[in-house]
Amino acid sequence: MSTSGYSLAEKRILEGQGEKHQFQAEVSRLLHMIINSLYSRRDIFLRELVSNASDALDKIRYLSLTGQADLGDNQELRIQIKADPDAKLLHIIDSGVGMTKQELITNLGTIAKSGTSEFINKLSETKDVNLIGQFGVGFYSAFLVADRVTVTSKSNDDVQWVWSSEADGNFSLTEDPNGNTLGRGTQVTLHLRDDAPEFLQQDTLSSLIDTHSAFINYPIFLWSSTEIETPVPQSDDQEEQKDEEELKIEDAEEEEEDQEEEEEEEEEKTVKETVWEWKLLNDVKPLWVRDPKEITDDEYKAFFKSTFDETDDPLSWTHFSAEGDLEFRSILYIPSHLDTSIFDSKNTQVARGLKLFVKRVFITDDFDLLIPKYLAFIKGIVDAQNLPLNVSREILQQSKILKSIEKKLVRKILSMIQSLAQDDKEKYDEFYEEFRVNLKLGMLDDAANRERISKLLRFYSTTSSGELRSFEDYVSSMKEGQDKIYFIAGESKQVVASSPLLEKLNDKGYEVLYFVDPIDEYWVGHLPTFDGKRLVNVAKEGDLGIESEEEKEKSEEDLKQLEDLNKFFKKVLANKISRSTVSKRLTTTPSALVSATYGYTANMERIIKSQALNAGTPQSYIAPRKVLEINPDHPIIKELSRRVQADEEDPIARDIAEIVYDTAALNSGFSLDDLPAFASRIHRMVSLGLNIPLADDSDSQPQQEEQQEEQQEEQKQEEEDHSSHSHSEL
């Protein structure tokens, strides 16, 4: 190689002595597309070229094993990368099958033409040759960083040839004047652009190999430099002077001689020397290609930590392979902690924990179609053998194979989680604490696996004593004759546990599940039944089905006796409730507020109101859908009924009715729309209890009304004045 950066063969080409060829028309258009828009990252070129080199090694290996080719003197199958910063050259060398003159013209001058692809067509029944391609479209990615690309190739069936192009629509070809320098194989030389000096740095090249090609089946070597310290040799004069000094100290004692020798050693000078050698980059073998029976737990844990930059051990893992029409190997891990950024819709840069490989070549870790979003916390490796590639390894086809891989992965992941739940309750509780929202998101998104996911859900309940319970646990301990699964949703376990809506259910020993995540009331709408048992929200109106025949008869009688009171509540609270009725779920509380069958519960109303973009719009149609339930056996309700029957216009009765509603709303988890009015009513009730006259309060009420009327008149007058002023200006 000359100092100008061109070999003798390239000089011959530049001087016009080589054969001139034109690219196929599609190739010219492809080169323009690759350079300008196809690849999102230009460093991808190294992955493509190393993958091509690996394919060439696969082919010669197969041919040698079947007796169709001889490795000759070049027995070692390897890939070498060498940078020449002075000449701005980057070489990728392999000892693979090489190419003849005609193969160079065909494979590098024709779009998507591949020697390996033709080889597969001839021997499609042999799995060992199911290769990506000797030189596919990925080869042209070299022009992302190079002005000129030179390919030197030696096949067992031809002499050594040199192919060269500047991506200008033409390429040249000549026999290498240096003869057979490769023995066998291919060397791709990139004349790097001025804006790509980083690809000549050892650290950059090493990092790219580690990211994309660390698990290639063949050793990858990088021409690397290291600095070592070497002693400075002594001159002849220094040796003579040393001899004279030794004669003068003949009679010295041995201890003094030893001491002088040590001092001489300390004074010995060293210099730093740069040594160049081939450094192996991919010394880590892919764990997923090994037999799971031969891999220890410590190896699985070490691979997880090193590959995914984790410090804690995984909770669980599964290692499997799929064969037949769908071939891939995979190791999947459940990490011990959740990365909450996976739920951030604005953060598009969050990479999934799953790394997709094709033939051990890393493709991507940001591929939504490979795994659904709710399982994005899973970390692992998927190495596909027969995944089709479109245009480049960076853009994958949305094929049936890819969909099948996703389906298989989801089932394996859910099976792994189910095994964890069955085999280690303590670990599963730890998992559920971290990832329960992911599973519940799956209840919304994954209809095909909704039933399987529902078996993984866990809840606290009124009878669980602090232990998490599954739906299956609930069903197995249901009371005789019970055909419903009861649940209540709220802000926290403490809040829902104190709800008055649970009073009769608790008294009768019915278990009620606590739904305390904001997402719970969304997904439960997609699961109307479990194991044939209907899920019932106790915060909504309807018959809970827990009454005996005697209780049903009593309820009907109570409903008739309190008919006037229910009408009174409807009249006083017309803008707040849809109706009032006798409760079948209260025992000690005077009243409660429940939602209509298709209305929002208190929990859902709280969630909607807290949303930033809500702007207060839902209240107008949420408010009228509430149902007031009253306890016919409570003294307050009995006294209020007596007062209403005596005098329907009794102001104290109206105040009591309002307070009964307010306390019912607060007890049931709803918020109050008019807090000042609520405070005023409480003050009046306190005054009555303390026998304090209400005259001041009654006097202040008309004054407040007069002030409000005056303010409204002033505002109306200002609007009229403003309108008149605007009209005069016009």
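See the structure shown above.
Caption draft 1: Geometry of the nonpolar core. Among the nonpolar cores identified, the biggest contains 77 residues, and Ile334, Phe377, Ile378, Phe431, Phe471, Tyr486 and Trp523 are the most heavily contacted of them. Looking at this core element by element, the count peaks at ten residues for helix H10 (residues 400-423). If we skip the residues at most four places from it in the chain, Trp523 touches Lys440, Met443, Leu444, Leu457, Phe459, Phe471 and Phe515. Of all hydrophobic cores here, the second largest spans 50 residues; its members include Leu57, Ile92, Met99 and Leu208.

Caption draft 2: The arrangement of the packing of H10 against helix H11 (residues 425-445) in detail. Where H10 meets H11, the axes come as close as 8 Å, and the angle between the chain directions of the two elements is 140°. Comparing their axes, H11 and H10 come out oblique. As for how H10 packs across H11, the hand of that crossing is left-handed. Along the contact surface, H10 presents Ile417, Leu420, Ala421 and Asp423, while H11 presents Lys425, Lys427, Tyr428, Phe431 and Leu439. Looking at side-chain class alone, the contact of H10 with H11 contains six nonpolar, no polar and three charged residues.

Caption draft 3: Summary view of the pairing of strand S24 (residues 626-630). Along S24, five of the five residues are buried, which leaves the element largely enclosed by surrounding structure. In S24, alternate side chains face the same way, and those of Lys626, Leu628 and Ile630 on one face and Val627 and Glu629 on the other are all buried. In terms of strand pairing, strand S22 (residues 579-582) meets S24 through four bridges, oriented parallel. Bridge assignment links Arg579 to a residue of S24, and that residue is Val627.

Caption draft 4: Structural view of the pairing of strand S4 (residues 146-154). Summarising burial for S4: eight of the nine residues are buried, a large majority. Relative to strand S7 (residues 185-192), S4 runs antiparallel, the two being bridged by eight bridges. The residue bridging Thr150 from the neighbouring strand is Thr189, located in S7. With five bridges connecting them, S4 and strand S5 (residues 161-165) associate as antiparallel partners. Looking across to S5, one finds that Thr152 is bridged to Val162.

Caption draft 5: Highlighting unusual backbone geometry. For Lys359, which is not a glycine, the phi torsion comes out positive at approximately 55°. As for its placement among the helices and strands, Lys359 is situated in the loop between strand S12 (354-358) and strand S13 (361-364). Here Lys359 falls in the buried class, since its relative accessible area comes to 19%. Of note, the phi angle at Ser465 is positive, near 55°, even though the residue is not glycine. Considering the arrangement of structural elements, one finds Ser465 in the loop between strand S17 (460-461) and helix H13 (471-476).

Each value, and the rule that gives it
- Residues numbered from 1 in each chain as written.
- Predicted model: local features only at pLDDT ≥ 70, side-chain atom pairs only at ≥ 80, totals over all residues.
- Heavy atoms only, no water.
- Core = buried A, V, L, I, M, F, W, Y, C linked by side-chain atoms within 4.5 Å.
- Buried < 20%, exposed > 50% of the residue type's maximum accessible area, 1.4 Å probe, protein only.
- Helix = DSSP H or I, 4+ residues; strand = E, 2+ residues; numbered from the N terminus.
- Contact = heavy atoms within 4.5 Å.
- Axes fitted to C-alpha atoms, helices over the stretch in contact; angles between N-to-C directions.
- Parallel < 35°, antiparallel > 145°, perpendicular 65-115°, else oblique.
- Left-handed = near helix turned anticlockwise from the far one by under 90°.
- Nonpolar A, V, L, I, M, F, W, Y, C, P; charged D, E, K, R; others polar.
- Pairing = 2+ DSSP bridges.

Interpretation in functional terms is not warranted from these geometric data alone.
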